[in-house]
Amino acid sequence: MVSGVQMQYYKVCKRKLWLFSKGIAMEDEHERVIEGKILHERAYPRLEDREILVDDAFKLDALDGEYIREVKLSSKMSEADRFQMLYYLYELKKRGVQKKGLISYTKERKTEEIELTEKDEVAIEKAIKEIYAIVHSASPPKLKKLPYCTKCAYYEFCFALEGDD
Amino acid sequence: MLRDHYIFSNGRLKRKDNTLYFFDEEENKKSLPVHQTDNLYVFGEIDLNSSLLNLLSQHDVHLHVFNYYGFYAGTFCPRNKKVSGFTVVQQSAHYLDLEKRLYMAKAFLQSAVHHMLRNIRRYKEKTEQYVQVIEEEAKKMDSATTVQELMGIEGRIRQHYYQSFNAILKQDFIFEKRTKQPPQDPLNALISFGNSLCYTAVLSEIYKTQLDPTISFLHEPSTKRFSLCLDLAEIFKPLIVDVVIISCINNRIITQKHFDFLDGMVLLNEEGKKRFIKEWDEKLSTTVQHRKLKRKVSYRYFIRLECYKLIKHFIGDEPYKPLKAWW
């Protein structure tokens, strides 16, 4: 079963997805990750349904009436965030639960409403298949420099290389 | 910024609420910032309880214990949260296949020799003969077909290397032969002490990664020690420890009076240890611009990067090329 984080990483970087899925986690010392964790812990103090684990597979931040909610530090990866939310909505729909999603970028005072369309469902199904294919490959996808690499918790791991003598 | 703290006095290490305190024998209280602590090195005799260990565990602090003579006794390691079965299986596969194992063992030694030569070339006119002998000996590494053979070459190189210290050192420190457990002269005492600091520094970096410290390549995986630390320490002993030793002696930071002589055994005394650790700590936090990361990297962080390169090698990402200081 794919997790929400895996779906998000799939959109951000396939190499990160592979490494993370093999237990090669780099997150716990990374400042931005710690910041995000605190944000999640403090979000939605008034809601009772928080941190809901569905089928031991993925965790929803919070449930708020007809909405599934998720907070994020910044909207830089909004496309990946949207995919993560669509994935939750898709999995819930499979279980007979129809919801919509709200992603809050609290620092930017911005909230995005997400609805699952048929086209999205096709995209999610395709993504799930590709995630399995990536995770099952014997070695990680080759390093490809992306503009946001330097901000990533895996930056030092990926770029720990020797130069030419 | 995470730091290391060293405790030399006897006393009690105590958790009070969520803070760490050290009480010395005169009941003087000192607080230690647990949030910013990476490693605690205990050289004195201290009391502690499990509630303290729980606090250390929460904050991922390693507690390294040294015995009366300054020899490494053991480490309290918080529960390992970095588990990657995949990585460990691949790491093991590189041990089981002799060719793959030899590749690793040679890589560690090539880096070690590179750093040894780098040290003694600085004193070129005095060490030329040693440089030549070591270079000759190092050529044999390529054709070695067993790890034992490599270890033999390494032993001979190291013997020449330490001999050259006699030409480099400005004070009256003589190297005759390497003696351990116990070291029999001041220079050997310094080497032993420095190497054990290096070993724990490597261990604490390994623990921040998914590597298994018991699966090693140059040294035989053993039950008594985390032998991967010994492998990686080969790279960093000449790069960090030996440089600190030479500078401590040549700048008269450490002199003969910083040693205790007890029937044939020579050890650094407390003042000597403190002085050495101060230099050691400064060296570890010295930074160098990294060519690929395009960031400043401390000597300590170079150890971590080496761990990352090992993981990348094991998982079939990027073939391992050992660190060869370029600066």
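This structure is a prediction, so every number in the text was calculated from the model and none was measured.

Peer 1: Can you lay out the layout of surface pockets for me, pointing to particular residues and giving the numbers?
Peer 2: Residue and element names in this part refer to chain B. Of the voids in this model, the second largest pocket is the one considered here, and its volume is about 840 Å³. Arg178, Lys180, Asn195, Arg225 and Leu230 are, among the 26 residues lining the second largest pocket, the residues nearest its centre. Elements represented by at least two residues in the lining of the second largest pocket include exactly helix H5 (147–168), helix H6 (186–206) and helix H7 (227–250). Looking at the lining of the second largest pocket element by element, the count peaks at six residues for H5. Per-class residue counts for the lining of the second largest pocket are eight nonpolar, 10 polar and eight charged.

Peer 1: So what's going on with the packing of helix H2 (residues 14–21) of chain A against helix H5 (residues 118–135) of chain A? Which residues, and what values?
Peer 2: Residue and element names in this part refer to chain A. Their axes nearest at 9 Å, the elements H2 and H5 cross at an angle of 65°. Once H2 is placed against H5, the crossing between them reads as right-handed. Here H2 contributes Lys14, Leu17, Trp18 and Ser21 to the contact with H5, which in turn contributes Ile131, Ile134 and Val135. For the contact of H2 with H5, a count of residues per class yields five nonpolar, one polar and one charged.

Peer 1: I'd like a rundown of the environment of Leu98 of chain B, residues and numbers included.
Peer 2: Residues and elements named next belong to chain B. Tracing the chain through its elements places Leu98 in helix H3 (residues 98–121). According to the relative accessible area criterion, Leu98 is partly exposed, its value standing at 48%. Leu98 sits 49 residues away from Val147 along the chain, and the two C-alpha atoms are 8.8 Å apart.

Peer 1: Quick one: what's the story with helix H1 (residues 50–58) of chain B, residue by residue and with numbers?
Peer 2: Side chains three or four residues apart in an α-helix point the same way, a direct result of the helix having 3.6 residues per turn. Residue and element names in this part refer to chain B. Within H1 the residues assigned to the buried category are Leu52, Leu55, Leu56 and Ser57. The inward-facing, buried residues of H1 abut strand S2 (11–16), strand S3 (19–24), strand S5 (37–42), strand S7 (62–66) and strand S8 (72–76). Asp60 sits one or two positions beyond H1 and adopts a positive phi of about 55°.

Peer 1: Give me the nonpolar core: which residues, what numbers.
Peer 2: Residue and element names in this part refer to chain B. One finds Phe276 and Trp280 to be the most contacted residues of the largest nonpolar core, which totals 128 residues. Of all the elements, H7 adds the most residues to this core, at 14 residues. Core analysis: the second largest hydrophobic core is formed by 14 residues, Ile7, Leu20, Leu40 and Leu52 among them.

Peer 1: Give me the sheet that holds strand S5 (residues 110–114) of chain A: which residues, what numbers.
Peer 2: All names here are of chain A. Spatially, the five strands line up as an open sheet ordered S1-S2-S3-S4-S5, and their pairing is mixed. Of all the strands in the sheet, the pair left with one neighbour each is strand S1 (50–54) and S5. Going across the sheet, the axis of each strand differs from the next one's by a mean of 40°, ignoring polarity. In this sheet, strand S3 (residues 67–72) lies alongside strand S2 (residues 58–64) in antiparallel orientation, the contact comprising three bridges. Of the residues in S3, the one forming a bridge with Leu63 is Ile68. Those strands touched by helix H3 (residues 31–42) are S1, S2 and S3, and its axis lies near 145° from that of S3.

Peer 1: Before we move on, could you go through the sheet that holds strand S4 (residues 29–32) of chain B and cite the residues and values that matter?
Peer 2: All names here are of chain B. In spatial order, the strands read S4-S3-S2-S6; together these four strands make up an open sheet with mixed pairing. Since the sheet does not close on itself, it has two edges, and those belong to S4 and strand S6 (46–47), each with one partner. Across four bridges, S3 lies against S4 in antiparallel orientation. Paired with Phe23 across the bridge in S4 is Lys29. Taken strand by strand, H1 contacts S2 and S3, and its axis lies near 65° from that of S2.

Peer 1: Can you explain the packing of aromatic side chains? Please cite residues and give values.
Peer 2: Overall, the coordinates contain 30 aromatic pairs over all chains when judged by the stated rule. With 5.5 Å between their ring centres and 65° between their planes, Phe157 of chain A and Tyr308 of chain B make a pair best called edge-to-face. Note that Phe157 of chain A is positioned in helix H6 (residues 155–159) and Tyr308 of chain B in helix H9 (residues 299–314), a pairing that runs across two chains. Relative accessible area serves as the criterion here: at 4%, Tyr308 of chain B is assigned to the buried category. When the ring of Tyr207 of chain B is compared with that of Phe226 of chain B, the centres are 6.1 Å apart and the planes differ by 85°; the resulting orientation is edge-to-face. Of the two residues, Tyr207 of chain B sits in the loop between H6 and H7 while Phe226 of chain B sits in the loop between H6 and H7, which places them 19 residues apart along the sequence. Judged by its relative accessible area of 24%, Phe226 of chain B falls in the partly exposed class. Here the aromatic cluster, defined as three or more aromatic residues joined through ring pairs, consists of Tyr6, Phe8, Tyr41, Phe43, Phe66, Tyr72, Phe193, Tyr199 and Phe276 of chain B. Of note, Lys22 of chain A hangs over the ring of Phe86 of chain B, and the distance from its end group to the ring centre comes to 4.5 Å. In this structure, Lys29 of chain B is placed above the aromatic ring of Tyr21 of chain B, and the distance from its NZ or CZ to the ring centre is 4.7 Å.

Reading the values: rules and limits
- In this numbering scheme, every chain counts its residues from 1 along its sequence in written order.
- All chains are assigned letters beginning at A, and all ligands numbers beginning at 1, according to the order in which they are written.
- Totals for whole chains, interfaces and linings use all residues, but because this is a predicted model, local features are given only for residues with pLDDT of at least 70 and pairs of side-chain atoms are given and counted only at 80 or more.
- Excluded from the side-chain calculations are hydrogens and water; all other atoms, namely the structure's heavy atoms, are used.
- Using a 1 Å grid laid over the protein atoms alone, points where a 1.4 Å probe fits but cannot get out form a cavity; open sets with protein on both sides within 12 Å along at least 5 of 7 lines form a pocket; any residue with an atom within 4 Å of a point counts as lining.
- Grid points are joined across faces, edges and corners, and a volume is the space filled by probe spheres set on the points.
- Each helix is a run of H or I in the DSSP string that is no shorter than four residues. Each strand is a run of E no shorter than two, and both are numbered from the N terminus.
- Each residue gets one of three labels, nonpolar for Ala, Val, Leu, Ile, Met, Phe, Trp, Tyr, Cys and Pro, charged for Asp, Glu, Lys and Arg, and polar for the others, Gly among them.
- Between N-to-C directions, angles span 0 to 180 degrees; the directions come from axes that are lines fitted to C-alpha atoms, helices contributing only their stretch in contact.
- The sense of a crossing depends on the near helix, which, turned anticlockwise from the far helix by less than a right angle, makes the crossing left-handed and, turned clockwise, makes it right-handed.
- A contact between two residues is defined here by any heavy atoms of the two lying within 4.5 Å.
- Exposure categories follow from relative accessible area, calculated using a 1.4 Å probe and restricted to protein chains: below 20% of the type maximum is buried, above 50% is exposed, and the middle band is partly exposed.
- In these notes, a set of buried Ala, Val, Leu, Ile, Met, Phe, Trp, Tyr and Cys residues joined through side-chain atoms within 4.5 Å is what counts as a nonpolar core.
- For two strands to be treated as a pair, DSSP must find no fewer than two bridges joining them.
- Each aromatic pair joins two rings of Phe, Tyr and Trp (for Trp, the six-membered one) with centres within 6.5 Å, and gets the label stacked for planes under 30 degrees apart, edge-to-face for over 60, and tilted for any other angle.
- Over a ring means this: the NZ of a Lys or the CZ of an Arg is within 6 Å of the ring centre and within 35 degrees of the ring normal.

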